[in-house]
Amino acid sequence: MVNETKEMNMEDIPESVWLTYINAFLNFHPNEQRRPLGSIEKQIGQLERRIARKKGQESHQILADMKELHKRAAAIGYTVANHTEKRVHKKYKHTLRMLIRLDIAFLNKMTGGVNPEDIVHMKRTAELLRAKSLYEIYKEEYMQYLVGQRIEELMEAEPEKQYPEARGMKRHFILHIGPTNSGKTYQALQRLKQAYHGIYLGPLRLLALEVYDRMMTAGIPCSMITGEETIRTPGSFVQSSTVEILDIREVYDIAVIDEAQMMADENRGSFWTRALLGIRAEEIHVCCSGTAENLLVRMIRRCGDTYEIVHHERNTKLEFIPKRFDMSKDVEPGDALIAFSKKNVLAIAATLEGRGIKASVIYGNLPPQTRQEQVRLFTEGVNQVVVATDAIGMGINLPIRRIVFMNSMKFDGTDKRRLEAEEVRQIAGRAGRYGYYDVGYVQSAMDTEYIGRKLVEPLYPLNRARIGFPEVLLDIDMELDEIIEAWEKTKNLPMYDKISMTESVKKYRYLKNYRRKLSYMEDRKFVLSLITCPFDVKDREVLRLWLRYCERPTETHNCPMLPQDFSLEGLESYYKQLDLFTQFSGRMNWEVDKEEVAVNREWAQHEIGELLKEDKGQFEKRCRGCGVVLPWDYAYPICQECYHAEGEEDDRVLRSMRRYPHDRKWR
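Definitions and cut-offs
Counting restarts for each chain: residues are numbered from 1 in the order of the written sequence. For a predicted model such as this one, the threshold for reporting local features is a pLDDT of at least 70, and the threshold for listing and counting side-chain atom pairs is 80 or more; totals across whole chains, interfaces and linings nevertheless cover every residue. Hydrogen atoms and water are omitted, and side-chain values are computed over all heavy atoms in the structure. Numbering of helices and strands runs from the N terminus; a helix is a DSSP stretch of H or I covering at least four residues, while a strand is a stretch of E covering at least two. Burial classes follow relative accessibility: with a 1.4 Å probe on protein chains only, a residue under 20% of its type's maximum area counts as buried, one over 50% as exposed, and anything between as partly exposed. The contact rule is simple, with two residues in contact once any of their heavy atoms fall within 4.5 Å. None of His or the chain ends enter the tally, which takes Lys and Arg as positive and Asp and Glu as negative. What makes a salt bridge here is a side-chain nitrogen of Lys or Arg within 4 Å of a carboxyl oxygen of Asp or Glu, nothing more. Only residues whose relative accessible area exceeds 30% and that form no salt bridge are eligible for patches; like-charged ones are grouped when within 9 Å, while nonpolar side chains (Val, Leu, Ile, Met, Phe, Trp, Tyr) are grouped when within 5 Å. For the accessible areas, the method is Shrake-Rupley and the probe is 1.4 Å, while residue cover comes only from the protein chains on display. Charged groups are reduced to one reference atom each: NZ for lysine, CZ for arginine, CG for aspartic acid, CD for glutamic acid. Any two of the Phe, Tyr and Trp rings considered here, Trp counted by its six-membered ring, make a pair once their centres fall within 6.5 Å; the pair's planes then place it as stacked at under 30 degrees, edge-to-face at over 60, or tilted in between. Charges are assigned to positions over rings by a cutoff of 6 Å between ring centre and Lys NZ or Arg CZ, combined with an angular limit of 35 degrees from the ring normal. Two strands are counted as paired when DSSP detects at least two bridges linking them. Fitted lines through C-alpha atoms give the axes, limited to the stretch in contact for helices. The angle between two N-to-C directions lies from 0 to 180 degrees. We call a pair of cysteine sulfur atoms a disulfide when they lie within 2.5 Å. The criterion is simple. A nonpolar core is a set of buried Ala, Val, Leu, Ile, Met, Phe, Trp, Tyr and Cys residues joined through side-chain atoms within 4.5 Å. Angular relationships are summarised with four words: roughly parallel below 35 degrees, roughly antiparallel beyond 145, roughly perpendicular across 65 to 115, and oblique for the angles in between. It is the rotation of the near helix from the far one that decides the hand of a crossing: anticlockwise by less than a right angle makes it left-handed, clockwise makes it right-handed. Amino acid classes used here: Ala, Val, Leu, Ile, Met, Phe, Trp, Tyr, Cys and Pro are nonpolar; Asp, Glu, Lys and Arg are charged; the rest, including Gly, are polar.

## Concerning the environment of leucine 480
- Of note, leucine 480 is situated in helix α18 (residues 480–489).
- Looking at leucine 480, the relative accessible area reads 1%, which means it is buried.
- Remark: the alpha-carbon pair of leucine 480 and arginine 53, spanning 427 residues in sequence, is separated by 40 Å.
- Apart from the residues within four sequence positions on either side, leucine 480 is in contact with Leu474, Tyr508, Arg524, Val527, Leu528 and Ile531.

Shown next as C-alpha cells:
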C-alpha cells in the first residue's frame, strides 16, 4: 500500500482516486471468473496507445469509446492481477494512470470541475469503473446517489412524526376485525350516529353515498364530500367521504375508517396510512379484515395511542360447492356472477337476457346513481341475478345467495394473474347476506379446485403499509419526475413501502412535452397537485380535457358539452369528463354553474341506466367477420368458420404468388 501511494504521489492523482482504480482493476473477487488474455504486454501496449490517441479528439469521440476502454482495462487487469512478473504490473499501472488522467480531464471538461474524489467515495464506484468512465458514473449513477442521500436527509425516518398535531392528542382506536358480512361496519356506524362532529372514510364514493343515505334516513344531518361530488347539508353532524378527502387539520370526536386493509394497496394505500397516522379524532373506529390486525396494532403503538380489539364473526354460514358451475343450466335467482372485465360482464348479462333471465350489472366505470339503480333492481327482485366485476367485494350490500366465479384470472393493471386468497375471500364473503339467507354459497365456472383452496387458505398477515410522496422533497433542484423516480429508488422505511407514482410521472411528462410552454412548471407543489389528480389516462377524451385545463388552470372553464357519441363508452367517457371538471373546479376555485353540472350529470347517469335497461343484445360478443354471436369467454375476435375461411384465402394467395412470381400485383 505504501509503495502504491508513493507511485501515486509522483502523479497529479488524488490518493483516494488511485486506490479506487487499483481496487477496480487489480482486485477481483475470487468467485469472479474471467478469461485470461494472452500476449499480455502487447495488450497493455495497445490499450496505452488507444488512451493516448484520445487527447486530441472531440468530446463526442472520446465519450463514444470510454466504455470500451474501461471494459478492456478490466479484462487486462484481471490477467495482470494473476501475473507474477513485477515488470508487467509496473507497465499496467503506468497505463492505468493514463486512463485516470483521461477520466479526470474529461470529467472536468464535461462538468466544469466536479471533484473526482467525491465520486469515488460512492460505494459502487470501483465496481462501476470496470464498464464506465468517471463522467458516465457521475451522470448516470452519482447524481442519483446524491439525490438519494438528500432525500434520506429530508425524509422523516418515522412517518408518525409528520403529524405532530395528532401526536399531541389522546386518541383511542376501536379495531373492528372480521370477514365480510360480519357486521363490523354496521357497528362502527351505530357509534358514528352519536357524533357531534364525525366523519366516515371509505374506499368508494358509492359507499360514501350509502353511508350518507343511512344517516339521512336515520334523521342525522349528513354531508357527502368526494373528489367528484359534494352534497352539503346545513347543520350536519357527520361527513361521509372517500378516504382521499380527509382534511387532517379538522378535529373530530368520532371517526370511522373503513376497509383499512387497503393501506397496503400499491396505488392508494398511502391515503389509509395518512388517515390512521394523522386523523385528529378522540375515538377512531377502524374496520378491516384479519390480515391487517397485527400491522394496525404496531402502527397504533408507535403513535403512542390506545386501542381495543373487537372481533366479529360472520352472521351467516358460507359453503363452497365443489361442482363446476354451468351457466347454460345452473343460473338461479339471487346469483352473483363475477367476471373481471367490463366487456365480459356485459357479454354475460347479454347472454342471460337472451335466455329471458334479467340481470343487473355492476362494474367500476358505472356512475354512482346508475350503480345504485342496478342495485335497487336486483334488491327488489326486478332483476333475478347480478353480473359484476370484483368491485362488488368492496362493501356493496346486496341480497346475494350465491357467488359464482366465472374465471379465476384478473388483469391488475400490469399483467393478467390468478386471484389471491384475500381477493377470493373478499368477493365470496358477499354471499348469504344476513337477514335474507341463513347460508351463502360459493361456486366456480372454472378452476374449481383452485377457488376452493384459496377460500380456506390461512390468512397471511400484512407486514407493511404504504406511504405517499413527501412534499418536502420538492425543494430539490431537479425535474419533478426525476425527484419522484429517485424517491422511489431509495430504501423503504421500517413497516412502510412507497406507493407507485408511475402514472403521476406519465402525467408530468405529458405536461413537460406539451406543445405550449406552461409558465407554472417551476411551481412543483402546484404541478404535483395536477399530476396526482385521479382520472382515466387511457380515455383519450378525458386526457385531452385534462391537458386543456392544465394549459390555463386558473381560468374558469365551461362545463363539458354533451357528447356526440351516445354509446355506452361515449356516455361513460362524458361522465368521467364531468368528474374531472368537478375536481378541477374544486381545486382551482372556479366559479361554475353547479346546477348545469348537476343536470348534465343526472342526464348522463339516466342515459347510461336506460342503455343498461334496454335489450343487452348489443353487448354480446360477435364475430367481426360474419357477425355470429360468440360465447362470452371466447378468446378471439372471429369465429372458427371465418378463421378457416381466411386461412384458405391466404393459401390461395400464396399459390398464386408461386404461380406468377413476377406478376406486379404480388410484388
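## Some remarks on the side chain of glutamate 136
- Relative to the helices and strands, glutamate 136 is located in helix α8 (residues 134–154).
- As a buried residue without a salt bridge, glutamate 136 has its nearest oppositely charged side chain in lysine 67, at a separation of 4.3 Å.
- Excluding residues that lie within four positions of it along the chain, glutamate 136 makes contacts with Leu63, Met66, Lys67 and Glu141.

## Focus on a negative patch on the surface
- Together, Asp477, Glu479, Glu482 and Glu522 line one region of the surface with negative charge.
- Looking at the element boundaries, glutamate 522 is found in the loop between α19 (502–512) and α20 (524–531).
- A relative accessible area of 68% places glutamate 522 in the exposed class.

## Some words on the packing of aromatic side chains
- Enumeration according to the criterion identifies 14 aromatic pairs in this entry.
- On the numbers, 5.8 Å between centres and 85° between planes, the contact of phenylalanine 566 with tryptophan 603 is edge-to-face. Residue phenylalanine 566 is located in the loop between α21 (540–551) and α22 (568–588), and its partner tryptophan 603 is located in helix α23 (residues 594–613); the two are separated by 37 residues in the primary sequence.
- The class for phenylalanine 566 is partly exposed, based on a relative accessible area of 47%.
- Taking the ring centre of tyrosine 450 as reference, the NZ or CZ of arginine 418 above it sits at 3.9 Å.
- Note that lysine 498 overlies the ring of tryptophan 487, its terminal NZ or CZ placed 6.0 Å from the centroid.

## Focus on the sheet that holds strand β11 (residues 359–362)
- Taken together, six strands build an open sheet; the order of strands is β9-β16-β13-β10-β12-β11 and the sheet is parallel. One side of each edge strand has no neighbouring strand; the edge strands of this open sheet are β9 (317–324) and β11. The mean inter-strand angle of the sheet, taken between neighbouring strand axes irrespective of direction, is 20°.
- As defined by bridge partners, strand β10 (residues 335–338) adjoins strand β13 (residues 402–405) across four bridges and the pair is classed as parallel.

## Considerations on the state of the cysteines
- Applying the stated criterion to the full structure yields zero disulfides.
- Cysteine 288 carries a free sulfur, and the closest cysteine sulfur to it, the one in cysteine 287, is 7.7 Å from it.
- No disulfide involves cysteine 533; its sulfur sits 7.8 Å from that of cysteine 550, the nearest cysteine.
- For cysteine 533, a relative accessible area of 1% corresponds to the buried category.

## Quick look at the nonpolar core
- Formed by 47 residues in total, the largest nonpolar core has its most connected members in Phe469, Leu511, Tyr520, Ile531, Trp546, Leu580 and Phe584.
- Elements supplying a minimum of two residues to this core: α8, α18, α19, α20, α21, α22 and α23.
- Apart from the residues within four sequence positions on either side, phenylalanine 469 is in contact with Leu474, Ile483, Ile484, Trp487, Met501 and Leu528.
- Judged by nonpolar contacts, the second largest core, of 43 residues, contains Trp18, Tyr92, Ala126 and Leu134.

## Considering the packing of helix α12 (residues 269–278) against helix α13 (residues 293–303)
- Close contact between α12 and α13 brings their axes to 10 Å; oriented N to C, the two are set at 40°. Viewed along their axes, α12 and α13 adopt a mutual orientation that is oblique. Judged by the twist between their axes, the crossing of α12 over α13 is right-handed. In this structure, α12 uses Thr273, Leu276 and Leu277 to contact α13, whose residues at the interface are Leu296, Met299 and Cys303.
- Partitioned by chemical class, the residues of the contact of α12 with α13 number five nonpolar, one polar and no charged.

Note that all results are geometric; they support no functional claim without further evidence.
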